[in-house]
Amino acid sequence: DGGITQSPKYLFRKEGQNVTLSCEQNLNHDAMYWYRQDPGQGLRLIYYSQIVNDFQKGDIAEGYSVSREKKESFPLTVTSAQKNPTAFYLCASSPGQQFEAFFGQGTRLTVV
Amino acid sequence: AQSVSQHNHHVILSEAASLELGCNYSYGGTVNLFWYVQYPGQHLQLLLKYFSGDPLVKGIKGFEAEFIKSKFSFNLRKPSVQWSDTAEYFCAVRPNTGRRALTFGSGTRLQVQP
């Protein structure tokens with residue numbers, strides 16, 4: 001099946017630990033995105049990548065890092081510098097500018 | 001930078017009522033516009049999109065939206081809602097130049113009562 005896979009679905013971490021969220025797509029899409037969803041705030045853009053080996057900061061990049069070494073993979077690391085990491089994280093991909101974005105099922109991260 | 005405003009945060013309707021959800025954006029150039037829906041426990045899905053041409057676009061499940069350029073609006077409508085339309089609805093905009101990523105509104109939670 002073609003699609004976007006985010007794993008795990010639920011993730012728990014202790015405060016002060018870095019954690020990496022996985023996002024894989026087999027749709028052959030060039031662009032990939034990471035969003036954070038909080039109640040009442042919609043989706044906010046963390047990072048995006050239009051092509052392999054290139055990525056750009058979004059609106060709330062502080063405390064996060066990404067890599068895009070392969071076309072199909074765009075992992076997000078939530079570092080200890082992120083002050084409020086508990087949230088629902090959504091990964092998306094798009095074939096290009098004239099197309100919509102397709103979303104994964106999301107990872108709910110809880111930091112205790 | 002672009003921004004999107006959704007004025008209705010929580011809407012409660014009875015089945016068969018008509019729906020209109022407001023969406024306004026701020027951006028000086030040409031944009032693509034989208035409405036996404038998130039049903040409880042499901043991933044975000046595209047309802048409809050506008051790129052160019054006829055400003056009245058039709059999407060899935062009987063939804064439609066009208067792009068009014070002079071008002072920077074892209075309101076979502078449905079003539080008769082069903083209980084199964086209970087979900088959260090997000091408006092999004094993507095400029096044709098500059099940062100080519102979707103900017104979302106804060107969402108509208110729709111609750112349809114049987």
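Figured I'd write up the structure that's included with this text.

Conventions adopted
- All residue numbers here refer to positions counted from 1 along the written sequence of the relevant chain.
- To label them, take the chains in the order written and letter them from A, then take the ligands in the order written and number them from 1.
- Confidence filtering applies because this is a predicted model: local features only for residues at pLDDT of at least 70, side-chain atom pairs given and counted only at 80 or more, and all residues used for totals across whole chains, interfaces and linings.
- Side-chain measures here rest on the full set of heavy atoms in the structure, leaving out hydrogens and waters.
- Here a strand is any run of E in DSSP of at least two residues, a helix any run of H or I of at least four, and the numbering for each starts at the N terminus.
- C-alpha atoms define the radius of gyration, and 2.2 Å times the number of residues to the power 0.38 defines the globule rule.
- Each residue is placed in one exposure class: buried if its accessible area under a 1.4 Å probe, protein chains only, is under 20% of its type's maximum, exposed if it is over 50%, and partly exposed if it falls in between.
- Here, residues are in contact when the closest pair of their heavy atoms is within 4.5 Å.
- Working definition of accessibility: Shrake-Rupley area with a 1.4 Å probe, residue cover restricted to the visible protein chains.
- In this tally Asp and Glu are treated as negative and Lys and Arg as positive; neither His nor the chain ends contributes.
- By convention, charge coordinates are those of NZ in Lys, CZ in Arg, CG in Asp, or CD in Glu.
- One bridge is not enough; two strands pair if DSSP finds at least two bridges between them.
- Any two cysteine sulfur atoms within 2.5 Å of one another count as a disulfide.
- Definition used for salt bridges: Asp or Glu carboxyl oxygen within 4 Å of a side-chain nitrogen of Lys or Arg.

### Brief notes about the overall build of chain A
Counting its secondary structure elements, chain A contains zero helices and 11 strands. When the helices and strands of chain A are listed from N to C terminus, the series reads β-β-β-β-β-β-β-β-β-β-β. Relative to the globule expectation of 13 Å for 112 residues, the C-alpha radius of gyration of chain A, 13 Å, shows essentially globular dimensions. Projected onto its principal axes, the C-alpha positions of chain A cover 40 × 30 × 25 Å. Counting across all 112 residues of chain A, residues that qualify as buried make up 48%. Across chain A, the fraction of contacts at a sequence separation of at least 24, relative to all contacts at a separation of at least 6, is 50%. Approximately 5600 Å² of chain A is accessible, and the part contributed by carbon and sulfur atoms is 47%. The centroid of the 11 positive side-chain charges in chain A is displaced by 8 Å from the centroid of its 11 negative side-chain charges.

### Some points on the pairing of strand 10 (residues 87-95) of chain B
All names here are of chain B. Counting buried positions over the nine residues of strand 10 gives eight, a clear majority of the element. Pairing geometry for strand 5 (residues 31-38) and strand 10, over eight bridges, is antiparallel. Opposite Leu33, over in strand 10, you have Val93 as the bridge partner. Bridge count between strand 10 and strand 12 (residues 108-113): three bridges; the pairing is antiparallel. Along strand 12, the bridge assignment pairs Ala87 with Leu110. Two strands pair when backbone bridges link them, and strand 10 and strand 11 (residues 103-104) are joined in this way by two bridges, in the antiparallel orientation. Paired with Val93 across the two strands is Thr103, which belongs to strand 11.

### Some remarks on the state of the cysteines
Taken as a whole, this structure holds two disulfides over all chains when the rule is applied. Paired by a disulfide, Cys23 of chain A and Cys91 of chain A hold their sulfur atoms 1.9 Å apart. With the S-S dihedral at roughly -75 degrees, the linkage between Cys23 of chain A and Cys91 of chain A falls on the left-handed side. Of the two residues, Cys23 of chain A is situated in strand 3 (residues 19-25) and Cys91 of chain A in strand 9 (residues 87-94); the sequence distance between them amounts to 68 residues. You'll find Cys23 of chain A and Cys91 of chain A in the same group, each marked buried. Across a sulfur-sulfur distance of 1.9 Å, Cys23 of chain B and Cys91 of chain B are joined as a disulfide pair. Of note, the bridge from Cys23 of chain B to Cys91 of chain B carries an S-S torsion of about -65 degrees and is left-handed in sense. Pair noted here: Cys23 of chain B is in the loop between strand 3 (19-21) and strand 4 (24-26) and Cys91 of chain B is in strand 10, with a separation of 68 residues, a long-range link. Classification of Cys23 of chain B as buried rests on a relative accessible area of 0%. With a relative accessible area of 1%, Cys91 of chain B lands in the buried category.

### Quick look at the pattern of salt bridges
What the rule picks out here adds up to nine salt bridges over all chains. Linking Arg99 of chain B and Asp59 of chain A is a salt bridge whose minimum nitrogen-to-oxygen distance equals 2.8 Å. Pair noted here: Arg99 of chain B is in the loop between strand 10 and strand 11 and Asp59 of chain A is in the loop between strand 6 (54-57) and strand 7 (64-66), and the two residues belong to different chains. For Arg77 of chain B, the salt bridge identified is with Glu66 of chain B, shortest N-O distance 3.3 Å. You can see Arg77 of chain B sitting in strand 9 (residues 73-78) and its partner Glu66 of chain B sitting in strand 8 (residues 64-68), a full 11 residues away along the chain. Classification of Arg77 of chain B as partly exposed rests on a relative accessible area of 23%. The network of salt bridges with common partners includes Lys58, Glu64, Glu66 and Arg77 of chain B.

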